[in-house]
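So the chains spell out like this:
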Amino acid sequence: MTQDELKKAAALAALDYIIDGSIVGVGTGSTVNHFIDALAGMRERILGAVSSSEASSRRLVGHGIAVFDLNGIESLPIYVDGADEIDGSFAMIKGGGGALTREKIVAAVSERFICICDASKQVKELGGFPLPVEVIPMACGHVSRELRRLGGEPRLREGFVTDNGNLILDVHGLRISDPVAMETHINQIVGVVTNGLFAQRGADVLLLAGAGGVERLQAA
């Protein structure tokens, strides 16, 4: 199977977790696009979705799925999203598509986080994929200096502005042996909106697509 076929297999497996009559939290990215397309086939069974990006919202609306404002919702039964990397404790690096802040917000409101990805995203230690950090534009220089003190090499994502009007620094070369501590430390740097470590709120279920099919793994 190609990588895209594996992504689609993981996305289809997430349909089993949909609760009839509910609002579904929806992430962002190529794997999630497969999920949105599949969700269209059962749109009559759900009330609609909360989206983590403008791109996902457009795709949902294009399929006739209502998109709700998260401020009017107290909780979501599930949130379905992918990962750029995920480790054995289900901590993740996310934000390759630049939607990390809204993804983290929707994940925080959700009762269960269903992570969908292909087997290439599973790693022993996070950090091989550059860590995205969303920053207020005027703080870019300051945050970059602080990230270098942590051992990383931040690089501005050229020509990219987030849905929130901010910039992304992609941090290369970070060794992330303690994802929770690193997530907290970076978030405390003045000027950081949030970073792409999802460790304090990791995945609850991992749907990992490989050559042998889709594994359904539960967080410990």
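Our structure is the block above this text.
Everything numeric in this text was worked out from a predicted model, so none of it was measured.

Asks: Is there a simple way to explain the pattern of salt bridges in this structure?
Replies: Think of it this way: side chains of opposite charge can pair up when their charged atoms draw near. Summed over the entire model, instances satisfying the criterion amount to 13 salt bridges. Linking arginine 45 and aspartate 20 is a salt bridge whose minimum nitrogen-to-oxygen distance equals 2.9 Å. Remark: aspartate 20 occurs in the loop between α1 (3–13) and β1 (23–26) and arginine 45 occurs in the loop between α2 (30–39) and β2 (48–51); sequence separation between them is 25 residues. Here arginine 149 makes a salt bridge to glutamate 146, at a shortest N to O gap of 2.4 Å. A residue pair is termed a helical-turn pair when its members lie 3 or 4 positions apart in one helix, as arginine 149 and glutamate 146 do in helix α5 (residues 140–149) at three residues. For arginine 149, a relative accessible area of 62% translates into the label exposed. The structure contains a network of salt bridges with shared partners spanning Asp81, Lys94 and Glu103.

Asks: Whenever I open this one, the nonpolar core confuses me. Can you help?
Replies: Inside soluble globular proteins, nonpolar side chains tend to come together where they are buried. If you look at the biggest cluster of nonpolar residues, it comprises 27 residues, and the most contacted ones within it are Ile18, Val26, Phe35, Leu39, Ile114, Ile116 and Leu207. Mapped onto this core, the elements with two or more residues apiece are α1, β1, α2, β3 (76–81), β6 (110–118) and β12 (205–210). Of all the elements, α2 adds the most residues to this core, at five residues. Excluding its chain neighbours within four sequence positions, the residues that come into contact with isoleucine 114 are Ala14, Tyr17, Ile78, Tyr79, Val80, Asp81, Val205 and Leu207.

Asks: Can you walk me through a nonpolar patch on the surface in this structure?
Replies: A surface patch of nonpolar side chains, about 300 Å² in accessible area, is lined by Ile136, Met138 and Val193. Within the fold, valine 193 resides in strand β10 (residues 192–195).

Asks: Even after reading the chapter, I still don't get the sheet that holds strand β7 (residues 131–135), so can you show me in this structure?
Replies: The strands making up a sheet associate through hydrogen bonds between their backbones, and the pairing can be parallel or antiparallel. Read from one edge of the open sheet, four strands run β8-β9-β7-β10, paired in antiparallel fashion. Each end of this open sheet is capped by a strand with a single partner; those strands are β8 (153–156) and β10. Recorded for the sheet is a direction-independent mean angle of 30° between the axes of neighbouring strands. Examined bridge by bridge, β7 and β10 share three bridges and lie antiparallel to one another. Bridging from a neighbouring strand, glutamate 134 pairs with threonine 194 of β10. Lying on the sheet, α5 is in contact with β7, β8, β9 (167–172) and β10; it crosses β9 at an angle near 15°.

Asks: Please explain the sheet that holds β6 as it appears in this structure.
Replies: Sheet architecture is open: six strands sit in the order β2-β1-β3-β6-β12-β13, paired in mixed fashion. This sheet does not close on itself; its edge strands, each paired only once, are β2 and β13 (213–218). Strand after strand, the sheet turns through a mean of 25° between neighbouring axes, direction not considered. Summarising the sheet, β12 and β13 pair through six bridges and their orientation is antiparallel. Counterpart to glycine 210 in the pairing with β13 is glycine 213.

Asks: Help me understand the side chain of threonine 101 in this model?
Replies: Relative to the elements of secondary structure, threonine 101 occurs in helix α4 (residues 100–109). Ignoring sequence-local partners within four residues, the contact set of threonine 101 consists of Glu134, Asn164, Val193 and Thr194.

Asks: Just to check I follow, could you spell out the side chain of asparagine 166 for this structure?
Replies: On the secondary structure map, asparagine 166 appears in the loop between β8 and β9. Overall, asparagine 166 belongs to the buried group, its relative accessible area being 9%. Of note is the side chain of asparagine 166, whose polar atom sits 2.9 Å from the side chain of glutamate 134. Leaving out residues up to four positions away in the same chain, asparagine 166 has contacts with Glu134, Val135, Ile136, Pro137, Phe160, Val161 and Val193.

Asks: Even after reading the chapter, I still don't get the packing of α1 against α2, so can you show me in this structure?
Replies: Two measures define how a pair of helices packs: the angle their axes make with one another and the distance between the axes. The contact between α1 and α2 brings their axes to 8 Å, and the two run at 50°. Between α1 and α2, the angle falls in the class oblique. Relative to α2, the crossing made by α1 is right-handed. Judged by residue contacts, Asp4, Lys7, Lys8, Ala11 and Leu12 of α1 engage Ser30, Thr31, His34, Phe35 and Ala38 from α2. By residue class, the composition of the contact of α1 with α2 is four nonpolar, three polar and three charged.

Definitions and cut-offs
Residues take numbers from 1 onward in each chain, read along the sequence in its written order. The predicted nature of this model means local features are confined to residues of pLDDT at least 70 and side-chain atom pairs, given and counted, to a pLDDT of 80 or more, with totals for whole chains, interfaces and linings taken over all residues. Think of the side-chain values as coming from all heavy atoms in the structure, minus any hydrogens and water. Between Lys or Arg on one side and Asp or Glu on the other, a salt bridge is scored when a side-chain nitrogen of the former is within 4 Å of a carboxyl oxygen of the latter. Put simply, DSSP marks the helices as runs of H or I at least four residues long and the strands as runs of E at least two long, and each gets a number from the N terminus on. Think of it in three bands: with a 1.4 Å probe and only protein chains considered, a residue is buried below 20% of the maximum accessible area for its type, exposed above 50%, and partly exposed in between. What makes a nonpolar core is a set of buried Ala, Val, Leu, Ile, Met, Phe, Trp, Tyr and Cys residues whose side-chain atoms join them at distances within 4.5 Å. Contacts between residues were defined by any pair of non-hydrogen atoms, one from each residue, lying within 4.5 Å. Nonpolar side chains (Val, Leu, Ile, Met, Phe, Trp, Tyr) within 5 Å and like charges within 9 Å form the patches, drawn only from residues with over 30% relative accessible area and no salt bridge. Each accessible area is a Shrake-Rupley result for a 1.4 Å probe, and residues are judged covered by the shown protein chains and nothing else. Should DSSP find at least two bridges between two strands, the strands are taken to pair. Orientation is described by lines fitted to C-alpha atoms, with helices fitted over the stretch in contact, and by angles between N-to-C directions that extend from 0 to 180 degrees. Within 3.5 Å is the distance limit for a polar contact, defined as a pair of N or O atoms, with the added protein rule that one can donate a hydrogen and the other accept it, and that residues adjacent in sequence qualify only through two side-chain atoms. Angles are sorted into four bins: roughly parallel if under 35 degrees, roughly antiparallel if over 145, roughly perpendicular if 65 to 115, and oblique for all others. Here a crossing is called left-handed whenever its near helix is offset anticlockwise from the far helix by less than a right angle, and right-handed whenever the offset is clockwise. Basically, the charged four are Asp, Glu, Lys and Arg, the nonpolar ten are Ala, Val, Leu, Ile, Met, Phe, Trp, Tyr, Cys and Pro, and anything else, Gly included, counts as polar.

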